[in-house]
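Read off the chains here:
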Amino acid sequence: MQLNTTEKNAISLPEVYAGYSAPLPPGELLLAGGGRAPAPNWLCQAASGRQLWCIDRGIDCCHRAGLVPLRLIGDGDSATEQSWQWAEENKVPIAKFPVKKDYTDTQLALEMAAAEQKYVVLTGAMGGRFDHAYSTIFSFGHSNIQGCIADEQETVFFLRGKEKITLTLRRHARAISLLPLTAAASGVTIQGVYWPLQDAELTQGLPYAVSNEAAGEKISIALDNGILAVYICWQEDKLA
């Protein structure tokens, strides 16, 4: 199943088709991180038509799915020995960093990905510790990378400055939330939901635009100033 698109301002994921208001970089890159592993079938679909890199423990989910990445990045402190050896046996180029360092493996991988000037889909980034997810979302949002964070449970798109995105949902979304990643995000408009907004200002101090619901298959979100994370929950982890 070929998931990427020939349109210059759109990308395709298993759950959603996203059209941007401006052309996107040529080519797409999938980064598999060391957070909650995506389902193997989701990873295989998302990897179709995209270059694949792994970040440390992300090599484990690629190993399980039988997907050999083009690059492995990290300090090797969380990946299994079997998967790391599998990468070496398959002659995967490894960018090895010391365990004790200032930046996270994901931040270093995002810096390397930015140099590729491609649309970046980061998976294996959610779940687990809140501080890791916080660091990843803000690092991605404040980078100069066009891209998103995604797996079969959650997707996060990023809007910066004067930008608009139109989402065509391929499955039911449990919730759609708008989260400002700057002190304020102004001129926020969302249509195609039960609680629309028009030219609203959202602040980090009172992020109220959460748990919205889709009114149909298409949702459009526009931004005038700031950085905005568009969060979609497809399925929730069950509470114990």
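The structure this text deals with has already been given above.
Only a predicted model underlies this, so the values are computations on that prediction, with no experimental measurement involved.

Asker: So what exactly am I meant to see when it comes to helix α2 (residues 58–65) here?
Answerer: Along an α-helix, residues three or four apart share an orientation, since each turn contains 3.6 residues. A large share of α2 lies buried, amounting to six of its eight residues. Buried residues of α2: Gly-58, Ile-59, Asp-60, Cys-61, Cys-62 and Ala-65, and no others. Buried residues along α2 sit in contact with β3 (28–32), α1 (40–47), β4 (51–55), β5 (71–74) and α3 (81–89). Backbone geometry just downstream of α2 places Gly-66 in the positive-phi region, at approximately 75°.

Asker: Please explain the pairing of strand β15 (residues 227–233) as it appears in this structure.
Answerer: The side chains of a regular strand alternate, first on one face of the sheet and then on the other. Along β15, seven of the seven residues are buried, which leaves the element largely enclosed by surrounding structure. Burial of the side chains of β15 extends over both faces: Ile-227, Ala-229, Tyr-231 and Cys-233 are buried on one face and Leu-228, Val-230 and Ile-232 on the other. Where strand β9 (residues 154–160) and β15 come together, seven bridges link them in antiparallel fashion. Paired with Phe-158 across the strands is Ala-229, a residue of β15. Here strand β11 (residues 175–180) runs beside β15; their pairing, made up of six bridges, is antiparallel. If you follow Ile-176 over to β15, its bridge partner there is Ile-232.

Asker: Sorry if this is basic, but what is going on with the packing of α1 against α2 here?
Answerer: Packed helices, taken two at a time, are described by the angle between their axes plus the distance between the axes. One can describe the packing of α1 onto α2 by two numbers: an axis separation of 9 Å at closest approach and a directional angle of 90°. Here α1 is positioned roughly perpendicular relative to α2, judged by the angle of their axes. Every residue of α2 that contacts α1 at Pro-40, Leu-43 and Cys-44 is listed here: Cys-61, Cys-62 and Ala-65.

Asker: In this structure, what is going on with the packing of aromatic side chains? I would like to understand it.
Answerer: To describe a pair of aromatic rings, you give the distance between the ring centres and the angle between the ring planes. Taken as a whole and assessed by the stated rule, the structure comprises five aromatic pairs. A ring pair is formed by Tyr-20 and Tyr-119, whose centres lie 5.9 Å apart and whose planes are at 70°; its orientation type is edge-to-face. In this pair, Tyr-20 is assigned in strand β2 (residues 16–20) and Tyr-119 in strand β7 (residues 119–123), connecting sequence segments 99 residues apart. When the ring of Phe-130 is compared with that of Tyr-134, the centres are 5.8 Å apart and the planes differ by 50°; the resulting orientation is tilted. Highlighted residues: Phe-130 and Tyr-134, both in helix α5 (residues 130–141), separated by four residues, approximately one helical turn. Phe-130 gets classed as exposed once you look at its relative accessible area, which sits at 65%. In this structure, Arg-71 is placed above the aromatic ring of Trp-53, and the distance from its NZ or CZ to the ring centre is 4.4 Å.

Reading guide: rules and limits
Residues numbered from 1 in each chain as written. Predicted model: local features only at pLDDT ≥ 70, side-chain atom pairs only at ≥ 80, totals over all residues. Heavy atoms only, no water. Buried < 20%, exposed > 50% of the residue type's maximum accessible area, 1.4 Å probe, protein only. Helix = DSSP H or I, 4+ residues; strand = E, 2+ residues; numbered from the N terminus. Contact = heavy atoms within 4.5 Å. Pairing = 2+ DSSP bridges. Axes fitted to C-alpha atoms, helices over the stretch in contact; angles between N-to-C directions. Parallel < 35°, antiparallel > 145°, perpendicular 65-115°, else oblique. Phe/Tyr/Trp six-rings, centres within 6.5 Å; stacked < 30°, edge-to-face > 60°. Lys NZ or Arg CZ within 6 Å of the ring centre and 35° of its normal.

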